[in-house]
Amino acid sequence: MTDRPKGYWIANVTVSNAEAYSDYQALAPEAFEKYGGRFLARGAAETLEGQDWQRRVIIEFDSVEQARACYNSPEYRLAREKRAHACQADIALIEGLNGG
């Protein structure tokens with residue numbers, strides 16, 4: 001057992017081309033599964049402050065290294081290419097609190 005902090009993707013997305021975005025959605029799960037990504041939240045969210053986004057997503061990984069490896073993987077790179085002209089997205093990699 002390790003005490004390394006978990007890694008999280010926090011994604012904010014507004015879809016502009018639903019058909020092209022569905023191509024991304026068909027490919028991305030392969031990368032998440034391979035690198036142990038687990039969805040904690042996804043869908044519409046109430047914006048309390050800042051830019052309004054259509055969708056918010058939180059994905060948990062067992063470590064920051066796994067989260068980074070997933071993002072940089074060939075599987076996710078292919079999915080990102082499908083997403084490139086389908087939406088506006090901001091994605092951050094965040095280190096979780098250790099032991100909390």
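Each remark here, short or long, concerns the structure printed above.
Residues numbered from 1 in each chain as written. Predicted model: local features only at pLDDT ≥ 70, side-chain atom pairs only at ≥ 80, totals over all residues. Heavy atoms only, no water.

> Could you clarify how one ought to interpret the overall build of the protein in this entry?
Counting its secondary structure elements, the protein contains three helices and four strands. For the protein, the sequential pattern of α-helices and β-strands runs β-α-β-β-α-α-β. Taking 100 residues into account, the globule formula puts the C-alpha radius of gyration at 13 Å, and the protein, at 14 Å, falls close to it. Counting only residues that meet the buried cut, the protein has 33% of its 100 residues in that class. The long-range fraction of contacts in the protein, counting pairs at least 24 apart against all pairs at least 6 apart in sequence, stands at 77%. As displayed, the protein has an accessible area near 6400 Å², and 48% of this comes from carbon and sulfur atoms. (Helix = DSSP H or I, 4+ residues; strand = E, 2+ residues; numbered from the N terminus. Rg over C-alpha atoms; globule rule 2.2 N^0.38 Å. Buried < 20%, exposed > 50% of the residue type's maximum accessible area, 1.4 Å probe, protein only. Contact = heavy atoms within 4.5 Å. Areas by Shrake-Rupley, 256 points an atom, 1.4 Å probe, with all protein chains shown as cover.)

> I keep staring at the sheet that holds strand β4 (residues 87–95) and nothing clicks. Help me out?
Paired through backbone hydrogen bonds, the strands of a sheet run either parallel or antiparallel to each other. One open sheet accounts for four strands, arranged β2-β3-β1-β4; its pairing is antiparallel. A single partner strand is all that each edge strand has here, and the edge strands are β2 (38–43) and β4. Within this sheet the neighbouring strands show an average axis-to-axis angle of 15°, counted without direction. For strand β1 (residues 7–15) and β4, the ladder comprises nine bridges, and the chain directions are antiparallel. Across the sheet, I10 pairs through a bridge with A92, a residue of β4. Strands β1, β2, β3 (55–61) and β4 of the sheet are contacted by helix α1 (residues 18–34), whose axis makes an angle of about 170° with β1. (Pairing = 2+ DSSP bridges. Axes fitted to C-alpha atoms, helices over the stretch in contact; angles between N-to-C directions.)

> What is the right way to look at the environment of Y71 in this model?
As for its placement among the helices and strands, Y71 is situated in helix α2 (residues 64–72). As a C-alpha pair, Y71 and F32 span 39 residues in sequence and 9.0 Å in three-dimensional space. The residues contacting Y71, other than those within four sequence positions of it, are W9, Y76, R80 and I91.

These figures come from the coordinates and say nothing about function on their own.
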